[in-house]
Amino acid sequence: MLARKSIIPEEYVLARIAAENLRKPRIRDRPRKARFIAKNGACNLAHKNIREQGRFLQDIFTTLVDLKWRHTLVIFTMSFLCSWLLFAMMWWLVAFAHGDMDPSTENAANSTKWTPCVTCVRSFTSAFLFSIEVQVTIGFGGRMMTEECPLAITVLILQNIVGLIINAVMLGCIFMKTAQAHRRAETLIFSRQAVIAVRNGKLCFMFRVGDLRKSMIISASVRIQVVRKTTTPEGEVIPIHQVDIPVDNPIESNNIFLVAPLIICHVIDKRSPLYDISAADLALQDLELIVILEGVVETTGITTQARTSYVAEEILWGHRFVPIVTEEEGVYAVDYSKFGNTVKVAAPRCSARELDEKPSILIQTLQKSELSHQNSLRKRNSMRRNNSIRRSNSMRRTNSSLIVPKVQFITPEGSQSASET
């Protein structure tokens with residue numbers, strides 16, 4: 001604004017802005033690593049340079065099911081249209097070869113001496129309508145086949161067989177697309193963030209999983225894998241190195257009863273890839289934790305799978321999930337509005353290895369958290385006490401201002417009269 005009014009020269013303004021930019025430190029963010037599994041469970045993988053495309057046609061049914069809906073509907077429509085047109089051409093050829101298209105035969109048809117192969121087929125349009133009636137079994141009654149031509153009987157049998165095959169394949173494809181397993185996985189939800197906190201004296205990696213439907217997932221199991229880029233001692237670079245990590249489950253069958261949202265826990269011990277990672281090192285780690293939930297849908301019996309992943313930026317150190325299951329009037333109620341809410345708790349910032357080597361770190365952390373909690377309680381009580389004192393003082397001042405002072409009036413004779421108002 002000043003430069004526009006020519007109060008400060010424009011050259012001086014530009015020089016000052018350039019000097020300020022030079023003095024400011026430039027911090028470049030670390031480039032974000034591409035996720036292997038998206039939050040919605042989709043695989044972030046692109047297949048390129050596939051030379052043997054014919055392998056997809058060998059399993060044509062799976063290829064049709066994997067197509068997008070718009071492509072499937074186009075194939076569904078075109079398969080019926082092409083079959084109707086193909087057999088319409090065959091019926092037209094049968095009628096043409098028999099002479100049903102000749103106008104002179106129309107008068108002969110009235111005289112019961114000449115019988116056509118298909119009645120009322122005089123053009124390609126009528127042949128197309130008859131093809132639709134045969135394959136869809138409509139049967140309006142105007143056009144029908146006679147026993148005059150054995151070739152027409154063969155075409156009728158062939159069209160019925162082809163029509164049944166197309167119906168079976170297309171209807172089966174539509175049914176499989178509507179009943180795919182990942183449709184059921186849409187109601188299986190995971191917490192947006194994972195946490196690392198102390199549970200039973202051990203550092204644990206935890207996340208929450210839940211099912212929004214009342215129909216249950218039978219034999220549900222949870223697997224966790226760590227995906228990272230590693231280099232072998234021989235110098236080989238493995239871009240996607242997968243390592244299974246165990247899940248803490250007291251049930252021997254390793255299945256979970258997913259009737260309500262559960263917190264899945266992984267104890268960070270010597271077998272865990274997170275054993276040497278501290279809170280400061282977590283933000284610098286180039287890793288991704290993939291969570292896979294598998295089970296059988298109770299209503300359909302189809303095996304379903306739900307997936308998600310957590311990168312280092314989505315793992316909160318020193319947090320814990322808030323409880324969301326409460327008992328109300330004899331019924332357990334789940335508040336899904338707090339599904340991903342966490343609270344900050346006391347947790348050592350060191351790695352699990354350091355915590356195992358020095359157990360006193362955990363005790364010191366808990367003592368510090370207890371002292372800080374007591375100090376916060378003292379501050380809160382003192383603030384409440386001060387607020388109550390201020391409130392009482394303000395009330396006293398208000399009451400004192402409402403008291404009416406006594407006023408004395410002096411008469412001319414010198415007598416005094418006191419009156420209160």
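Residues numbered from 1 in each chain as written. Predicted model: local features only at pLDDT ≥ 70, side-chain atom pairs only at ≥ 80, totals over all residues. Heavy atoms only, no water.

- Per an unreviewed UniProt entry, the protein chain is named KCNJ8 protein, and its organism is Neopipo cinnamomea.
- UniProt's Sequence similarities (unreviewed entry) comment on the protein chain is quoted here verbatim: "Belongs to the inward rectifier-type potassium channel (TC 1.A.2.1) family."
- Entered under Subcellular location (unreviewed entry) in the UniProt record, the comment concerning the protein chain runs "Membrane". (UniProt positions renumbered as here; feature names shortened; annotations may be inferred.)

1. Quick word on the overall build of the protein chain
Here's step 1: Scanning the protein chain from terminus to terminus reveals 11 helices and 15 strands.
Here's step 2: The 421 residues of the protein chain split such that 29% are buried.
Here's step 3: Considering only intrachain contacts with a sequence separation of at least 6, the fraction spanning at least 24 residues in the protein chain is 63%.
Here's step 4: Total accessible area computed for the protein chain in this model is approximately 28,900 Å², and 58% of it derives from carbon and sulfur atoms. (Helix = DSSP H or I, 4+ residues; strand = E, 2+ residues; numbered from the N terminus. Buried < 20%, exposed > 50% of the residue type's maximum accessible area, 1.4 Å probe, protein only. Contact = heavy atoms within 4.5 Å. Areas by Shrake-Rupley, 256 points an atom, 1.4 Å probe, with all protein chains shown as cover.)

2. Quick look at the nonpolar core
Here's step 1: Among the nonpolar cores identified, the biggest contains 38 residues, and F205, F207, L289 and L293 are the most heavily contacted of them.
Here's step 2: Here F207 is in contact with F190, S191, A194, V222, I224, L262, I263, I264, V291, Y310 and F321, once residues within four sequence places are set aside.
Here's step 3: By size, the runner-up hydrophobic cluster in this structure holds 14 residues, among which are W91, V94, M101 and C149. (Core = buried A, V, L, I, M, F, W, Y, C linked by side-chain atoms within 4.5 Å.)

3. As for the layout of surface pockets
Here's step 1: Its volume calculated, the largest pocket comes out at about 460 Å³.
Here's step 2: In terms of lining, the largest pocket is formed by 19 residues, of which the most central are N40, G41, A185, A306 and R307.
Here's step 3: Elements with a minimum of two residues in the lining of the largest pocket: α8 (181-184), β1 (188-190) and β8 (303-311).
Here's step 4: Element by element, the count of residues in the lining of the largest pocket is highest for β8, at six residues.
Here's step 5: In terms of residue class, the lining of the largest pocket is made up of seven nonpolar, eight polar and four charged. (1 Å grid on protein atoms, 1.4 Å probe; cavity = no way out; pocket = protein on both sides within 12 Å on 5 of 7 lines; lining within 4 Å. Points joined across faces, edges and corners; volume = space filled by probe spheres on them. Nonpolar A, V, L, I, M, F, W, Y, C, P; charged D, E, K, R; others polar.)

4. Looking at the packing of helix α6 (residues 124-136) against helix α7 (residues 150-178)
Here's step 1: Interaxial distance between α6 and α7 falls to 9 Å at its minimum, and their mutual angle equals 60 degrees. Between α6 and α7, the angle is such that the two are oblique. In terms of crossing hand, the pair formed by α6 and α7 is right-handed. Of α7, the residues touching α6 (which contributes S131, V134 and Q135) are L156, Q159, N160, G163 and I166. (Axes fitted to C-alpha atoms, helices over the stretch in contact; angles between N-to-C directions. Parallel < 35°, antiparallel > 145°, perpendicular 65-115°, else oblique. Left-handed = near helix turned anticlockwise from the far one by under 90°.)

5. Brief notes about the packing of aromatic side chains
Here's step 1: Across all of its chains, the model carries eight aromatic pairs by this definition.
Here's step 2: Look at Y336 and F339: their rings are 6.1 Å apart centre to centre, the planes differ by 25 degrees, and that puts the pair in the stacked class.
Here's step 3: Among the aromatic residues, ring-to-ring pairing joins F76, F80 and W84 into one connected group.
Here's step 4: Its guanidinium or amino end placed over the ring of W69, K177 lies 5.1 Å from that ring's centre, counting from NZ or CZ. (Phe/Tyr/Trp six-rings, centres within 6.5 Å; stacked < 30°, edge-to-face > 60°. Lys NZ or Arg CZ within 6 Å of the ring centre and 35° of its normal.)

6. Considering the sheet that holds β8
Strand pairing in a sheet relies on backbone hydrogen bonds. The paired strands run either parallel or antiparallel.
Here's step 1: With respect to topology, four strands assemble into an open sheet ordered β5-β4-β7-β8, the strand pairing being antiparallel. Every interior strand has two partners, whereas the edge strands, β5 (237-245) and β8, have only one. Across the sheet, the mean angle separating the axes of adjacent strands is 25 degrees when strand polarity is ignored. (Pairing = 2+ DSSP bridges.)

7. Regarding the packing of helix α4 (residues 69-98) against α7
Here's step 1: One can describe the packing of α4 onto α7 by two numbers: an axis separation of 11 Å at closest approach and a directional angle of 175 degrees. One finds that α4 runs roughly antiparallel with respect to α7.
Here's step 2: Of the residues assigned to the contact of α4 with α7, the class counts are 19 nonpolar, six polar and one charged.

8. Section: a nonpolar patch on the surface
Here's step 1: Taken together, the side chains of L57, I60, F61, I153, I157, I161, I165, V169, F175 and M176 present a nonpolar region at the surface, about 920 Å² in accessible area.
Here's step 2: Secondary-structure elements contributing two or more residues to the nonpolar patch are α3 (60-66) and α7.
Here's step 3: For M176, the position within the fold is in helix α7.
Here's step 4: Using a relative accessible area of 35% as the deciding quantity, one classes M176 as partly exposed. (Patch = residues over 30% accessible without salt bridge, like charges linked within 9 Å, V, L, I, M, F, W, Y side chains within 5 Å. Salt bridge = Lys/Arg side-chain N within 4 Å of Asp/Glu carboxyl O.)

9. Let's talk about the pattern of salt bridges
One side chain can pair with another of opposite charge once the charged atoms of both are near each other.
Here's step 1: Considering all chains together, one arrives at eight salt bridges under this definition.
Here's step 2: Here D356 makes a salt bridge to K202, at a shortest N to O gap of 3.6 Å. With D356 in helix α10 (residues 352-357) and K202 in strand β3 (residues 202-211), this pair connects stretches of sequence that are 154 residues apart.
Here's step 3: Exposure remark for D356: the relative accessible area of 33% places this residue in the partly exposed category.
Here's step 4: A salt bridge links E294 to R223, with the shortest nitrogen-to-oxygen separation between them at 3.5 Å. Here E294 is found in strand β7 (residues 287-297), whereas its partner R223 is found in strand β4 (residues 217-231), with 71 residues between them in sequence.
Here's step 5: Take E294: its relative accessible area is 25%, and that puts it in the partly exposed class.
Here's step 6: On the basis of relative accessibility, which here comes to 33%, the residue R223 falls in the partly exposed class.
Here's step 7: One network of salt bridges, with partners in common, ties together R35, K39 and E314.

10. A look at the side chain of E314
Here's step 1: Structurally, E314 is set in the loop between β8 and β9 (315-317).
Here's step 2: With near-sequence residues (within four places) excluded, E314 lies in contact with R35, K39, R192, Q193, A194 and S309.

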